[in-house]
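# Results of the structural survey
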Amino acid sequence: MNTKKRLSEDLENTKEVLLEQRFVTLYEDEIAGILAREEDLETIEHLGDEEAKEVEEAARLYNRAFARNFYDISGGRVSDEEFFPLWEREKELMTGLQKIQSLEGEKKQLEKELDIVTKEEQELYGKIQTAEKERKNKQVIFRSFMVMAIAALILAAAAVVYFEFPIIRFLWQAAAVVIVVLLFLIILYQMQKKALETERLYRMMSGHKTSSRMRLESEYQDIASDLKFYYEKFEVLFCYISEEQWNLFEFCTKISSRLKFCEDLTENAENLVHVLEKYHLKKARAWLYYPKALFDLPKRIVCRERLEHRLNECQQALTRHEREADKQKNKIDISDRS
């Protein structure tokens, strides 16, 4: 394997390793958040009676304030069970969707540019072949005429020396012939030189096009990696969001933007967070999206089951990407040793 090809494969494998490491970090962070919530549930279940009552009262007040404002704004078009998962990750979802849309646009633009550059590179390759053929033809003609001129000079010298040809009588004619031959040689040399310069120019242009294509291909791979990251992130991390909920996402963002201006909801939310932090819950603000789990046992059981399901999904994905990262690293190590 030549050095250029090996370096190209190493770079590609390195990008794959970096992508897999992004996945590993993503799932590790998600798992840490889920485990923190499960610990919060354990903490809530082991609170004393007075402490549990304080948490329950704060959660109920917040839930009533939310329900009152939410149903006034939504008009019953969406339930709180459908709204909470979207509201919880709204910023993350919007950022991700905007990023995907932007990357898809860049990908299409790069595909167009790659298509143009590839065609131009192919055209230049054809021109190089033609210019190379032309240069070789000019070179053959120049060298052939040079050999013939040298041979004629040798014959003329032999005629003068051995056959005593009266060159003095034909001096002007001989000089004219020599001048014509020299001019013809100069013309052929210039034609050969021009053909060589044309070939070099096409090769230089082809080199620039190849560099441009490789740069575009590298950018395309980076965008493809980013898209792969975001698509899997949505597929795995947000698998608990149903298709019906996704269809309501735009409407839910309008609801959430109006909920920000509900003073009683904000006041009760801050009070609930303060109470939860008081009892050392790790993800106090996250429970604003699961308020019923703080005072309703069946809802708490459902919440724990959902967290367990999401935890299993993330752990499986984490294991898969850790193995893939190790595989890519091994490829790089083997390539380095060879």
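Residues numbered from 1 in each chain as written. Predicted model: local features only at pLDDT ≥ 70, side-chain atom pairs only at ≥ 80, totals over all residues. Heavy atoms only, no water.

Of regular secondary structure, the chain possesses nine helices and zero strands. Counting only residues that meet the buried cut, the chain has 36% of its 338 residues in that class. Across the chain, the fraction of contacts at a sequence separation of at least 24, relative to all contacts at a separation of at least 6, is 87%. For the chain, the accessible surface area stands at approximately 21,500 Å², while carbon and sulfur atoms represent 56% of it. (Helix = DSSP H or I, 4+ residues; strand = E, 2+ residues; numbered from the N terminus. Buried < 20%, exposed > 50% of the residue type's maximum accessible area, 1.4 Å probe, protein only. Contact = heavy atoms within 4.5 Å. Areas by Shrake-Rupley, 256 points an atom, 1.4 Å probe, with all protein chains shown as cover.)

Right, let's get into the side chain of Arg213. Counting through the fold element by element, Arg213 comes out in helix 5 (residues 171-237). A residue is classified by how much of its surface remains accessible, and Arg213, at 18% relative accessible area, is buried. Those residues in contact with Arg213 that lie beyond four places of it in its chain are Leu114, Val117, Thr118 and Glu121.

What follows covers the nonpolar core. Among the nonpolar cores identified, the biggest contains 68 residues, and Tyr27, Trp87, Leu259 and Trp287 are the most heavily contacted of them. Elements with a contribution of two residues or more to this core: helix 1 (3-45), helix 2 (49-74), helix 3 (80-88), helix 4 (90-162), helix 5, helix 7 (249-259), helix 8 (263-278) and helix 9 (297-337). Residue contributions to this core peak at nine residues, all from helix 1. Once residues within four sequence positions are removed from consideration, Trp87 is found in contact with Tyr62, Phe66, Ser256, Leu259, Leu265 and Tyr289. Counting five residues, the second-largest nonpolar core is a separate cluster that includes Phe142, Ala149, Leu185 and Leu188. (Core = buried A, V, L, I, M, F, W, Y, C linked by side-chain atoms within 4.5 Å.)

A surface patch of negative charge is lined by Glu28, Asp29, Glu322 and Asp326. Elements that contribute at least two residues to the negative patch include exactly helix 1 and helix 9. Along the polypeptide, Asp326 turns up in helix 9. (Patch = residues over 30% accessible without salt bridge, like charges linked within 9 Å, V, L, I, M, F, W, Y side chains within 5 Å. Salt bridge = Lys/Arg side-chain N within 4 Å of Asp/Glu carboxyl O. Lys, Arg positive; Asp, Glu negative; His and termini not counted. Charge placed at Lys NZ, Arg CZ, Asp CG, Glu CD.)

Take the packing of helix 2 against helix 8 next. Closest axis-to-axis distance for the helix 2/helix 8 pair is 9 Å, and the angle between their directions is 155°. Relative to helix 8, helix 2 is oriented roughly antiparallel. Judged by the sense of rotation from one axis to the other, the crossing of helix 2 with helix 8 is left-handed. For the pair formed by helix 2 and helix 8, the contact residues are Glu54, Val55, Ala58, Ala59, Leu61, Tyr62, Ala65, Phe66, Arg68 and Asn69 on the first element and Asp264, Leu265, Asn268, Ala269, Asn271, Leu272, Val275, Leu276 and Lys278 on the second. Counted by class, the contact of helix 2 with helix 8 contains twelve nonpolar, three polar and four charged residues. (Axes fitted to C-alpha atoms, helices over the stretch in contact; angles between N-to-C directions. Parallel < 35°, antiparallel > 145°, perpendicular 65-115°, else oblique. Left-handed = near helix turned anticlockwise from the far one by under 90°. Nonpolar A, V, L, I, M, F, W, Y, C, P; charged D, E, K, R; others polar.)

What follows concerns the environment of Leu110. As for its placement among the helices and strands, Leu110 is situated in helix 4. Ignoring sequence-local partners within four residues, the contact set of Leu110 consists of Leu216, Glu219, Tyr220 and Ile223.

Our focus in this paragraph is helix 2. Side chains of residues three or four places apart in an α-helix project in the same direction, reflecting 3.6 residues per turn. Here helix 2 contains 26 residues, and its C-alpha end-to-end distance of 36 Å stays within 8% of the 38 Å for a straight helix at 1.5 Å per residue. Among all positions of helix 2, only Val55, Ala58, Ala59, Tyr62, Asn63, Ala65, Phe66, Asn69, Phe70, Ile73 and Ser74 are buried. Residues of helix 2 that are buried sit in contact with helix 3, helix 7 and helix 8. Directly beyond the C-terminal end of helix 2, a positive phi value near 65° is found at Gly75. (Expected span 1.5 Å × (residues − 1).)

Before going further, it helps to spend a moment on a nonpolar patch on the surface. Nonpolar side chains collect at one region of the surface, where Ile179, Leu183 and Ile186 lie side by side and expose about 290 Å² of accessible area between them. Its location among the elements puts Leu183 in helix 5. For Leu183, a relative accessible area of 49% puts it in the partly exposed group.

Let us look at the packing of aromatic side chains. One pass over the structure, following the stated rule, counts 17 aromatic pairs. Ring centres of Phe229 and Tyr230 lie 5.4 Å apart, and the angle between their planes is 85°; on these two criteria the pair is classed as edge-to-face. Each member of the pair, Phe229 together with Tyr230, is buried. Three or more aromatic residues link up through ring pairs in this structure, and these residues are Phe66, Phe70, Tyr71, Phe83, Phe84, Trp87 and Tyr289. Positioned over the ring face of Phe229 is Arg22, at 4.1 Å from the centre of the ring. Its guanidinium or amino end placed over the ring of Phe251, Arg77 lies 4.1 Å from that ring's centre, counting from NZ or CZ. (Phe/Tyr/Trp six-rings, centres within 6.5 Å; stacked < 30°, edge-to-face > 60°. Lys NZ or Arg CZ within 6 Å of the ring centre and 35° of its normal.)

Between the first and last C-alpha of helix 8 there are 22 Å, a value that for 16 residues agrees with the 22 Å anticipated at 1.5 Å per step. Buried residues of helix 8: Leu265, Asn268, Ala269, Leu272, Val273, Val275 and Leu276, and no others. With its buried residues spanning 160° around the axis, helix 8 presents them on a single face. Summarising the geometry of helix 8, the exposed residues directed more than 90 degrees from the buried face are Glu263, Glu267 and His274. In this structure, the buried residues of helix 8 make contact with helix 2, helix 3 and helix 7. Backbone geometry just downstream of helix 8 places His280 in the positive-phi region, at approximately 65°. (Arc of directions from axis to C-beta.)

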